[in-house]
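# Remarks on the overall topology
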Amino acid sequence: MTAAKKASKKQQENINSRLALVMKSGKVVLGLRQTLKSLRQGKAKLVILASNTPALRKSTIEYYSMLSKSGVHHYGGNNIELGTACGRHFKICSMAVLDAGDSDIVRETAKA
Amino acid sequence: LLPAAIMVSKIMKAGRVVVVLSGRYAGRKAFIVKNYDKSGSDESSGKSGQDKRNYSHSLVVGVDRYPRKITRSMGKKRAAKKTKLKPFIKIMNHNHVLPTRYVVDTTFDSKVVNKEAFKDAAAKRKAMALVKSLEEKYKAGKNKWFFTKLRF
């Protein structure tokens, strides 16, 4: 693999492990409805979007995040992969981290 | 613990301009006058009276009929007629509304423009009369974006 591919694969694994930790120890909402709700109320610290979220939906969520000053992370996989990364048997296009628990996912994605 | 960089803020606050997404006023711009977040299961205070809604909602004031464009060549009477605007007051579910980055700095007398106004026609008329003052804001040239029709 080229260096760039190796680096992005490493990043992906990092995110996945951080996600797993948040799912276990923190508070997370899955799905568009709850993501938007938490954004409106200012509870979402980080929003994660799958790569195949429809463009309009992606834009509206990004706009909400801009208004509420929460972070957005574009996950490097589609909704099926994001669902798997969260340990769920369904697809996830958008999710929000309300409380990171023991994970540093919010800090790390803010740095990047 | 979060770094100072991520201080998340509430979006739906008084003054926030929103675009109405569904209902008769879909496509109209409005701004939040009073916000009601979804209360916990056993909260009885704050919403005195009967109008308790099990979802986050806001009292919004918006523009129903936008003022038309006027040109220099129009006479005074014509221009006056064209700058009339028709406002609306509505209680809207947050799901049916899209917040924007704009803010309108007006307040209305909260004793008249409130949820109680929707209980009977007289109260509503009084509230609408107060809200009519929005036209003055438009004539004063404030909040230009708010008073332009959203093209879609």
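Residues numbered from 1 in each chain as written. Chains lettered and ligands numbered in written order. Predicted model: local features only at pLDDT ≥ 70, side-chain atom pairs only at ≥ 80, totals over all residues. Heavy atoms only, no water.

### So, the UniProt feature "domain: Ribosomal protein eL8/eL30/eS12/Gadd45" (unreviewed entry) in chain A
This is how it is decided: UniProt positions are given in the numbering used here, feature names are shortened, and annotations may be inferred rather than shown by experiment. Strands here mean DSSP runs of E at least two residues long; helices mean DSSP runs of H or I at least four residues long; both are numbered from the N terminus.
The UniProt entry lists residues 14-106 of chain A under the feature "domain: Ribosomal protein eL8/eL30/eS12/Gadd45" (unreviewed entry), expressed in the numbering used here. Between the first and last C-alpha atoms of residues 14-106 of chain A the distance is 13 Å; the span itself is 47% helix and 19% strand.

### Comments concerning the interface of chain B and chain A
As a reminder, the rule being used: Every residue pair with non-hydrogen atoms within 4.5 Å of one another is taken to be in contact. The salt bridge criterion pairs a side-chain nitrogen of Lys or Arg with a carboxyl oxygen of Asp or Glu, the two atoms within 4 Å. Pairing of N or O atoms within 3.5 Å defines a polar contact, subject to two protein rules: one partner must be a possible hydrogen donor and the other a possible acceptor, and residues neighboring in sequence count only if both atoms are side-chain atoms.
On the side of chain A, 16 residues touch chain B, which itself brings 19 residues to the contact. Applying the counting criterion to the chain B and chain A interface returns 0 salt bridges. At the surface where chain B touches chain A, the tally comes to 5 residue pairs in polar contact (both at pLDDT 80 or more). Ranked by residue count, the leading element in the side of chain B that touches chain A is strand S5 (residues 97-103) of chain B, at 5 residues.

### A few points about the environment of B:Lys149
Residue and element names in this part refer to chain B. One can find Lys149 in the segment after helix H3 (134-139). Taking C-alpha positions, Lys149 is 8.4 Å from Gly27, a pair spaced 122 residues apart along the chain. Sequence-distant contacts of Lys149, that is, excluding residues within four places in its chain, are made with Lys29 and Tyr66.

### Observations concerning the packing of helix H2 (residues 32-40) of chain A against helix H3 (residues 55-68) of chain A
Residue and element names in this part refer to chain A. Quick reminder of the rule: Every angle, taken between N-to-C directions, lies between 0 and 180 degrees, and every axis is a line fitted to C-alpha atoms, over only the stretch in contact when it is a helix. Put simply, angles under 35 degrees are roughly parallel, angles over 145 are roughly antiparallel, angles from 65 to 115 are roughly perpendicular, and the rest are oblique. Each helix crossing is assigned a hand: it is left-handed if the near helix lies turned anticlockwise from the far helix by less than a right angle, otherwise right-handed if that turn is clockwise. Three classes are used: nonpolar for Ala, Val, Leu, Ile, Met, Phe, Trp, Tyr, Cys and Pro, charged for Asp, Glu, Lys and Arg, and polar for all others, with Gly counted as polar.
Two elements in contact, H2 and H3, have axes separated by 9 Å at closest approach and are oriented at 20 degrees. What the angle tells us is that H2 and H3 run roughly parallel. Taken as a pair, H2 and H3 cross one another with a handedness that is left-handed. Note on element contacts: H3 touches H2 through Arg57, Ile61, Tyr64, Ser65 and Ser68, opposite Leu32, Leu36, Leu39 and Arg40. Tallied by class, residues from the contact of H2 with H3 come to 5 nonpolar, 2 polar and 2 charged.

### A short note on the layout of surface pockets
What counts is decided by this rule: A cavity here means a set of 1 Å grid points, computed over protein atoms only, where a 1.4 Å probe fits but cannot escape. A pocket is an open set with protein on both sides within 12 Å along at least 5 of 7 lines, and lining residues have an atom within 4 Å of a point. Grid points are joined across faces, edges and corners, and a volume is the space filled by probe spheres set on the points.
In this structure, the largest pocket encloses a volume near 490 Å³. Lining the largest pocket are 20 residues, with B:Tyr66, B:Pro67, B:Phe147, B:Thr148 and B:Lys149 sitting closest to its centre. Residue classes in the lining of the largest pocket are distributed as 8 nonpolar, 3 polar and 9 charged. As a volume, the second largest pocket reaches approximately 420 Å³. Those elements giving two or more residues to the lining of the second largest pocket turn out to be H2 and H3 of chain A together with S5 of chain B.

### Re H2(A)
Residues and elements named next belong to chain A. Threshold: Think of it in three bands: residues with accessible area under 20% of the maximum for their type are buried, residues over 50% are exposed, and the middle band is partly exposed, with areas taken using a 1.4 Å probe on protein chains only.
Inspection of H2 places Thr35, Leu36, Ser38, Leu39 and Arg40 among the buried residues, and these make up the whole buried set. If you follow the buried residues of H2, they end up packed against strand S1 (27-30), strand S2 (46-49), H3 and strand S4 (94-99). Looking one or two residues beyond H2, the residue adopting positive phi is Gly42, at roughly 75 degrees.

### Re the packing of aromatic side chains
Geometrically, a pair of aromatic rings is defined through the distance of the ring centres and the angle of the planes. Residues and elements named next belong to chain B. Put simply, the test is: Aromatic rings from Phe, Tyr and Trp, with only the six-membered ring used for Trp, were paired whenever their centres fell within 6.5 Å, and each pair was classed as stacked if the ring planes differed by under 30 degrees, edge-to-face if by over 60, and tilted otherwise.
Going through the model one piece at a time under the given rule, you end up with 6 aromatic pairs over all chains. Seen in terms of ring centroids, Tyr25 and Phe88 are 3.9 Å apart; in terms of plane orientation they differ by 5 degrees. Their pairing is stacked. Highlighted residues: Tyr25 in the loop between strand S1 (16-20) and strand S2 (29-36) and Phe88 in strand S4 (residues 86-93), separated in sequence by 63 residues. Each member of the pair, Tyr25 as well as Phe88, is classed as buried. Centre to centre, the rings of Phe31 and Phe146 are 5.6 Å apart; their planes meet at 70 degrees, and the pair counts as edge-to-face.

### As for the confidence of the model for chain B
All names here are of chain B. Threshold: The predictor attaches a confidence to each residue, and that confidence, scored 0 to 100, is pLDDT.
Here chain B shows a mean pLDDT of 89. Residues at 70 or above account for 88%. Per-element confidence in chain B is highest for S1, whose mean pLDDT is 97, and lowest for helix H1 (residues 76-82), whose mean pLDDT is 92. If you check the scores for this complex, the pTM reads 0.88 and the ipTM reads 0.85.

### Details of the pattern of salt bridges
Pairs can form between side chains of opposite charge whenever their charged atoms are close. Going through the model one piece at a time under the given rule, you end up with 11 salt bridges over all chains. Between A:Lys9 and A:Glu13 there is a salt bridge; the shortest N-O distance is 3.5 Å. Taken together, the positions of A:Lys9 and A:Glu13, both in helix H1 (residues 3-25) and 4 residues apart, correspond to about one turn of that helix. For A:Lys9, a relative accessible area of 43% gives the class partly exposed. A relative accessible area of 45% places A:Glu13 in the partly exposed class. The salt bridge partner of B:Glu116 is B:Lys119, with a shortest N-O separation of 3.2 Å. On the accessibility criterion, B:Lys119 (41% relative accessible area) is partly exposed.

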